[in-house]
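In case you want the letters, here they are:
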Amino acid sequence: MAPPKLPTHFQAPFLFKPNFLPDPIKFLKKSAETKNLRQGKILHALLITTTEPPQNGETFETNLLINFYAKCDQISVARQLFDEMPERNVVSWSALMAGYLHNGLSLEVLRLFKKMVLVENLRLNEYVFAIVLSSCSDSRRVEEGKQCHGYVLKSGLVFHQYVKNALIHMYSRCLDVDGAMRVLNTVPGYDVFSYNSVINGLIELGYLREALEVLDRMMGEFVVWDNVTYVTVFGLCARLKDLKLGLQVHGQMLKSDLECDVFVSSAMVDMYGKCGKILNARKVFDCLQNRNVVSWTSIMAAYFQNGYFEEALNLFSKMEIEDTMPNEYTFAVLLNSSAGLSALRLGDLLHARAEKSGFKDHVIVGNALVIMYSKTGNIKEANKIFSDMIFRDTISWNAMICGYSHHGLGKEALIVFQDMLAAGVCPNYVTFIGVLSACAHSCLVQEGFYYLNHLMEQMGIEPGLEHYTCIVGLLSRAGLLDEAENFMRSTPVKWDVIAWRTLLNACHVHRNYGIGKRIAESVLQMDPHDVGTYILLSNMYAKESRWDGVVKIRKLMRERNIKKEPGVSWLEIRNITHVFVSEDNKHPESSQIYEKVGELLAKIKPLGYVPDIAAVLHDVEDEQKEDYLSYHSEKLAIAYGLMKTPSEAPIRVIKNLRMCDDCHRAVKLISKVTNRLIIVRDANRFHHFHDGSCSCADYW
């Protein structure tokens, strides 16, 4: 190797003059361990300028230099030294390979390995195989990994613990669980790393029962667990939602001498959260001395998964007080919590914050934004986010398809589905829920059955209860009530109350009270406490002026201690949420709101509005029935929105119950006389009212 010339003025610092440096090799190794690039370069210069021949040979020293530069992220210098070596041994190759591996250049490792085997014909050792297999793991190249496995078997080095561990890890990371299990079952002698790799691979592929079996085997062999084991096993408990096992693992950990780090604690928080034990999760979190972004995100996710959206959002400010910076997963949890509250303004602020923090192009953040804007009523912004996404996964497509479906925009949802297929993205179980729901909203009966019976089968997706319920909704919306009932009676699936109530609601909309009453009786046998069914049945009796039937239902509800939930609507104006209850007069501006409602009703009556007094569940005079209808919560909220928002701004109202027929008819006409877009999210779906029409086409 031709030594590079040093400048004539170069002089080593006093500390490294030869008489003060008895062993430059020792110091070079230390420089590599501490990644001290400056000191290592000085030592390199001293080795070049020394007149004495190397004690251990030039190859030995160059190998050390390759190792040093590789560890200091100077891989190009390491490669240059390697290429200029007149003679190389197996250590030279493994040092450079390790450097490429640690610098994330797995493919370069594989190229060197092929050259080493095919050109140099060197005798490989266990270290080389471990490095190459790790490269296959990182790059998920299972075929090359299998070839390396073949070389390992021929060399007889498979019994080395780290070679066997590297093989198991490679197969697990490449999602070839059969390969990992083969190695585990055929090669004797296991350690904790082997078991961690296999269990983790099984969990990642969804083979949870098999993961439990391997865990049982690990415990039977009395393998001592490490931190990674506990993180993995808590993750398994979380996926299984097995609280009993989670408590046992937690107890075992407390008895052991293991130091519980922040990652183990975060895994425990996640496990308790997914098992519905939010107080346990909070106790573990509060006991943490040092918290990082993983632990904060875990506790936020635990609150979110259990429906405590406000608590999840409140933790964000506490996290910032502790100077912990959020990551993409934190923003995903916060945006989904905003979606759960339908808090559009807060979602907008989090969107701006995520963009400012540089997480705009992360898929998980993009997906959460699409979901948030869809659930808060801004479907146009959801589509804009989706269209601007650089990378999309299946969740991205599903979020947009389901978002359009929930807004009643079936045709738009099906266009996105066709784009998904054209992009070569494989649909999954959730995709077809959105697609069949879109068919229902667009009354596409033939297309719906094609997707259910042909396309899902072609793609190997077995239909579930949610898909069949969408078909019931499709037939019901099309007015094919007998066909819907026959479909439910003939399909071998265990129907739930939601499916039967879908048909019951259709009977109410299509005024087929005969079938409706029969279905209602069946539902109440399944669930005697289903409030929605009592209300629909009572509505049917009221529309037929069967007051005896209404009285019968009310008596039944009293006997069973079932109370109708009061109608509540709310909207957000300038960061303040205003809540309205039907016939509410507690709002500080209630007199002006009532006056505005009266003014709006007076304007829409010339357009054909007639109060639907048949829907009033009270046997009173018609004039009193009109009063009951006039001040439903959504009318009060919309009136207040019209009073307080700019004329061009859309009004977004959320209601806890299904919107009644009278309010639906009234709001359509109010949108026309005020020339405003009014978006109402009720218990079933979104309604977009504009210019006298609604996106639901009068079916909801």
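The rules behind these values
Residues numbered from 1 in each chain as written. Predicted model: local features only at pLDDT ≥ 70, side-chain atom pairs only at ≥ 80, totals over all residues. Heavy atoms only, no water. Helix = DSSP H or I, 4+ residues; strand = E, 2+ residues; numbered from the N terminus. Rg over C-alpha atoms; globule rule 2.2 N^0.38 Å. Buried < 20%, exposed > 50% of the residue type's maximum accessible area, 1.4 Å probe, protein only. Contact = heavy atoms within 4.5 Å. Areas by Shrake-Rupley, 256 points an atom, 1.4 Å probe, with all protein chains shown as cover. Lys, Arg positive; Asp, Glu negative; His and termini not counted. Charge placed at Lys NZ, Arg CZ, Asp CG, Glu CD. Arc of directions from axis to C-beta. Pairing = 2+ DSSP bridges. Phe/Tyr/Trp six-rings, centres within 6.5 Å; stacked < 30°, edge-to-face > 60°. UniProt positions renumbered as here; feature names shortened; annotations may be inferred. Patch = residues over 30% accessible without salt bridge, like charges linked within 9 Å, V, L, I, M, F, W, Y side chains within 5 Å. Salt bridge = Lys/Arg side-chain N within 4 Å of Asp/Glu carboxyl O. Core = buried A, V, L, I, M, F, W, Y, C linked by side-chain atoms within 4.5 Å.

Colleague: Would you take a moment to explain the overall build of the protein for this structure?
Modeller: Each helix and strand in the protein was counted, giving 36 helices and six strands. Computed over its C-alpha atoms, the radius of gyration of the protein comes to 34 Å, more than 25% above the 27 Å expected for a compact globule of 700 residues. Taking the principal axes of its C-alpha atoms as reference, the protein extends roughly 115 × 60 × 50 Å. Out of the 700 residues in the protein, the part that is buried amounts to 49%. Of the contacts made within the protein by residues no fewer than 6 positions apart, 63% connect residues no fewer than 24 positions apart. When the accessible area of the protein is evaluated, it comes to approximately 34,500 Å², of which 53% is carbon and sulfur surface. Separation of charge centres in the protein, based on 76 positive and 79 negative side chains, amounts to 1 Å.

Colleague: Looking at this structure, how should I read helix α10 (residues 177–186)?
Modeller: Residues three or four positions apart in an α-helix share a direction because the helix packs 3.6 residues into each turn. If you check which residues of α10 are buried, you get Val177, Gly179, Ala180, Val183 and Leu184. End-on, the buried residues of α10 take up no more than an arc of 165°, which puts them together on one face. In α10, the exposed residues that point more than 90 degrees away from the buried face are Asp178 and Thr186. Packed against the buried residues of α10 are α8 (142–155), α9 (161–173), α11 (192–205) and α12 (208–220).

Colleague: What's the story with the pairing of strand β2 (residues 576–581) in this structure? I'm lost.
Modeller: Consecutive residues of a regular strand have side chains that alternate between opposite faces of the sheet. Sheet topology places strand β1 (residues 568–573) next to β2; six bridges connect them, and they run antiparallel. Residue Ile573 lies in a different strand from β2, and its bridge partner there is Ile576.

Colleague: Please explain the packing of aromatic side chains as it appears in this structure.
Modeller: Here a ring pair, both rings aromatic, is described through the centre-centre distance and the interplanar angle of the planes. Tallied over the entire structure, the rule returns 19 aromatic pairs. Ring centres 6.4 Å apart and planes at 65° place the aromatic pair Phe113 and Phe129 in the edge-to-face group. Here Phe129 lies in helix α7 (residues 126–139) and Phe113 lies in helix α6 (residues 106–120), a separation of 16 residues in the sequence. A ring pair is formed by Tyr468 and Trp495, whose centres lie 6.4 Å apart and whose planes are at 70°; its orientation type is edge-to-face. Placement of the pair is Tyr468 in helix α27 (residues 465–477) and Trp495 in the loop between α28 (481–490) and α29 (497–509), with a sequence separation of 27 residues. Each member of the pair, Tyr468 as well as Trp495, carries the same accessibility label: buried.

Colleague: Would you mind showing me how to read the side chain of Thr232 here?
Modeller: The residue Thr232 is located in helix α13 (residues 227–240) in this model. Thr232 gets classed as buried once you look at its relative accessible area, which sits at 8%. Beyond its immediate chain neighbours, meaning those up to four positions away, Thr232 contacts Asn196, Ile199, Asn200 and Ile203.

Colleague: Any chance you could explain the UniProt feature "repeat: PPR" (unreviewed entry) in the protein here in plain terms?
Modeller: Feature annotation in UniProt places "repeat: PPR" (unreviewed entry) on residues 58–92, 191–221, 292–326, 393–427 and 530–564, given in this structure's numbering. Across residues 292–326, the secondary structure splits into 74% helix and 0% strand, with the terminal C-alpha atoms separated by 9 Å. Summarising residues 393–427: 74% helix, 0% strand, and an end-to-end C-alpha distance of 10 Å.

Colleague: Looking at this structure, I do not really get a nonpolar patch on the surface. What am I missing?
Modeller: On the surface, a nonpolar cluster with roughly 320 Å² of combined accessible area is contributed by Leu118, Val119 and Tyr151. For Tyr151, a relative accessible area of 33% corresponds to the partly exposed category.

Colleague: Explain the nonpolar core to me, please; I cannot follow it from the model alone.
Modeller: Note that soluble globular proteins tend to have their nonpolar side chains buried in a common cluster. Counting residues in hydrophobic clusters, the biggest one holds 183 residues, and the most contacted among them are Met97, Phe113, Phe234 and Tyr451. Beyond its immediate stretch of four places on either side in the chain, Phe113 contacts Met97, Leu124, Val128, Phe129, Val132, Cys148 and Tyr151. Ranked by size, the runner-up nonpolar core spans 30 residues in total, among them Ile604, Tyr640, Val653 and Val667.

Colleague: I would appreciate a short explanation of the sheet that holds β2 in the present structure.
Modeller: Strands pair in a sheet through their backbones, by hydrogen bonds, and they do so in one of two ways: parallel or antiparallel. Pairing is mixed in the open sheet, where six strands are placed in the order β2-β1-β3-β4-β5-β6. Strand pairing shows two members of the sheet lacking a second neighbour, β2 and β6 (693–694), which therefore form its edges.

Colleague: So what exactly am I meant to see when it comes to the environment of Tyr513 here?
Modeller: If you trace the backbone, Tyr513 turns up in helix α30 (residues 513–526). For the pair Tyr513 and Gly347, spaced 166 residues apart in sequence, the C-alpha to C-alpha distance is 43 Å. Discounting residues that sit within four places of it in the chain, Tyr513 has contacts with Cys507, His508, Met540, Lys543 and Glu544.

Colleague: Please explain the side chain of Thr533 as it appears in this structure.
Modeller: Within the fold, Thr533 resides in helix α31 (residues 531–543). Classification of Thr533 by relative accessible area gives buried; the value is 0%.

Colleague: Help me understand the environment of Val333 in this model?
Modeller: Within the element layout of this structure, Val333 appears in helix α19 (residues 328–341). Judged by its relative accessible area of 10%, Val333 falls in the buried class. Sequence separation of Val333 and Val673 is 340 residues, and the distance between their C-alpha atoms is 40 Å. Residues within four places of Val333 in sequence aside, it is in contact with Thr297, Met300, Ala301 and Phe304.

Colleague: What should I look at first to understand a positive patch on the surface in this one?
Modeller: There is a patch of like positive charges on the surface, built from Arg554, Lys555, Arg558 and Lys564. Tracing the sequence through the fold places Arg558 in helix α32 (residues 547–559).

Colleague: Where do I start with the pattern of salt bridges in this structure?
Modeller: Here the idea is simple: oppositely charged side chains can pair when their charged atoms come close. Applying the stated rule across the entire model yields 24 salt bridges. For the salt bridge of Glu485 with Arg518, the shortest nitrogen-to-oxygen distance reads 2.6 Å. Note that Glu485 is positioned in helix α28 and Arg518 in helix α30, a separation of 33 residues in sequence. Residue Glu589 pairs with Lys644 through a salt bridge whose shortest N-O separation is 3.0 Å. Residue Glu589 is found in the loop between β2 and α33 (590–604), and its partner Lys644 is found in helix α35 (residues 633–644); the two are separated by 55 residues along the sequence. We classify Lys644 as partly exposed; its relative accessible area is 28%. One connected set of salt bridges, linked through shared partners, spans Glu485, Arg489 and Arg518.

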